[in-house]
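Now for the letters of each chain:
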Amino acid sequence: MSHSSFSMAVVMALGGAMGYAKSRSTASLVAGVASGSLFALSGYLIENGRPLYGHELAGVVSVLLTATMGRRALRTGKIMPAGAIAALNLAHAAYQWTKVNQMFELGHKN
């Protein structure tokens, strides 16, 4: 369990739990657990013979989280937590799509 997707899974699930604990936001809890689960699945795919699918899944989830949390940060003007989560996911999306691109250049098939 060394891939960055597993770290993102933990961060997103904990963030959702913290959002729920702080403001009783069920939406935060569900979104955090759902995105965390998708990141965990992507890490599993990457480490178990399906790296292209895993990187694509993590890339899509990161792009969606960058957009939604970035929009929230701009709307509220608050860096924490929305801006930080958007920035983290932007970096993670860049990494994941770089990996996908490298796999295509090498002719990797899943």
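Notes on the structure follow. In every chain, residue numbers begin from 1 and rise along the written sequence. Where local features are concerned, this predicted model is filtered to residues with pLDDT of at least 70; where side-chain atom pairs are given and counted, the filter is 80 or more; whole-chain, interface and lining totals use all residues. Note that the side-chain values use all heavy atoms of the structure and ignore hydrogens as well as water.

1. Regarding the overall build of the chain
Here is step 1: Put simply, DSSP marks the helices as runs of H or I at least four residues long and the strands as runs of E at least two long, and each gets a number from the N terminus on. A tally of regular secondary structure across the chain gives 4 helices and 0 strands.
Here is step 2: What you see in the chain, going N to C, is helices and strands ordered as α-α-α-α.
Here is step 3: Against the compact-globule benchmark of 13 Å for 110 residues, the chain has a radius of gyration of 14 Å, which places it among compact chains.
Here is step 4: Its C-alpha atoms put the chain at 45 × 25 × 20 Å along the principal axes.
Here is step 5: For every accessible area listed, the method is Shrake-Rupley and the probe measures 1.4 Å; residues are considered covered only by the protein chains on display. Within the structure as shown, the chain displays about 6700 Å² of accessible surface, and the carbon and sulfur contribution to it stands at 68%. The reference for a compact globule is 2.2 Å times residues^0.38; the radius of gyration itself is calculated from the C-alpha atoms.

2. Considering the layout of surface pockets
Here is step 1: In this model, the largest pocket occupies a volume close to 950 Å³.
Here is step 2: Of all the elements in the fold, those that place two or more residues in the lining of the largest pocket are α1 (4–23), α2 (26–47), α3 (51–76) and α4 (79–105).
Here is step 3: No other element matches the 8 residues that α1 contributes to the lining of the largest pocket.
Here is step 4: Under the convention adopted here, Pro, Cys and the residues Ala, Val, Leu, Ile, Met, Phe, Trp and Tyr are nonpolar, Asp, Glu, Lys and Arg are charged, and Gly plus all remaining residues are polar. Taken together, the residues that form the lining of the largest pocket break down as 16 nonpolar, 10 polar and 3 charged. Definitions used throughout: a 1 Å grid over protein atoms alone; a cavity as a set of points that fits a 1.4 Å probe which cannot get out; a pocket as an open set with protein on both sides within 12 Å along at least five of seven lines; a lining residue as one with an atom within 4 Å of a point. Grid points are joined across faces, edges and corners, and a volume is the space filled by probe spheres set on the points.

3. A few points about the side chain of H55
Here is step 1: With respect to the element layout, H55 can be found in helix α3.
Here is step 2: If sequence neighbours within four positions are ignored, H55 has contacts with H3, I46, Y95, Q96, K99, V100 and M103. Two residues form a contact once any of their heavy atoms are found within 4.5 Å.

4. A word on the packing of α3 against α4
Here is step 1: At a minimum axis separation of 7 Å, α3 and α4 run at an interaxial angle of 150°. It follows that α3 is roughly antiparallel to α4 by the angle criterion. Crossing of α3 against α4: the hand is left-handed.
Here is step 2: When grouped by side-chain class, the residues that make up the contact of α3 with α4 number 18 nonpolar, 9 polar and 3 charged. Where helices are involved, their axes are fitted lines through C-alpha atoms of the stretch in contact, as for all axes, and angles between N-to-C directions lie from 0 to 180°. Each angle is binned into one of four classes, with values under 35 degrees roughly parallel, values over 145 roughly antiparallel, values of 65 to 115 roughly perpendicular, and all other values oblique. For any helix crossing, the convention is left-handed if the near helix is rotated counterclockwise from the far helix by under a right angle, and right-handed if that rotation is clockwise.

5. As for the side chain of S42
Here is step 1: The residue S42 is located in helix α2 in this model.
Here is step 2: To sort residues, take the accessible area from a 1.4 Å probe on protein chains only and compare it with the maximum for the residue type: under 20% means buried, over 50% means exposed, and anything in between is partly exposed. Of the residues examined, S42 reaches a relative accessible area of 0% and is grouped as buried.
Here is step 3: Contacts described as polar in this section are N or O atom pairs within 3.5 Å, which, within protein, must combine one atom able to donate a hydrogen with one able to accept it, while residues neighboring in sequence count only if both atoms come from side chains. Within the structure, the side chain of S42 is placed 3.0 Å from the side chain of S5, a separation counted as a polar contact.
Here is step 4: If sequence neighbours within four positions are ignored, S42 has contacts with S5, G54, L57 and A58.

6. Some remarks on the environment of M12
Here is step 1: The residue M12 is located in helix α1 in this model.
Here is step 2: As a C-alpha pair, M12 and V33 span 21 residues in sequence and 6.9 Å in three-dimensional space.
Here is step 3: Sequence-distant contacts of M12, defined by excluding residues within four places in its chain, comprise G32, S35, G36, F39, L65, I85, L88 and N89.

7. Overview of the nonpolar core
Here is step 1: Among the buried residues, those of types Ala, Val, Leu, Ile, Met, Phe, Trp, Tyr and Cys that are joined through side-chain atoms within 4.5 Å form a nonpolar core. Core analysis: the largest hydrophobic core is formed by 12 residues, namely M8, A9, M12, F39, A58, V61, L65, M69, A73, A82, I85 and A86.
Here is step 2: The element best represented in this core is α3, accounting for 5 residues.
Here is step 3: When near neighbours in sequence (up to four residues on either side) are disregarded, V61 contacts S35, L38 and F39.

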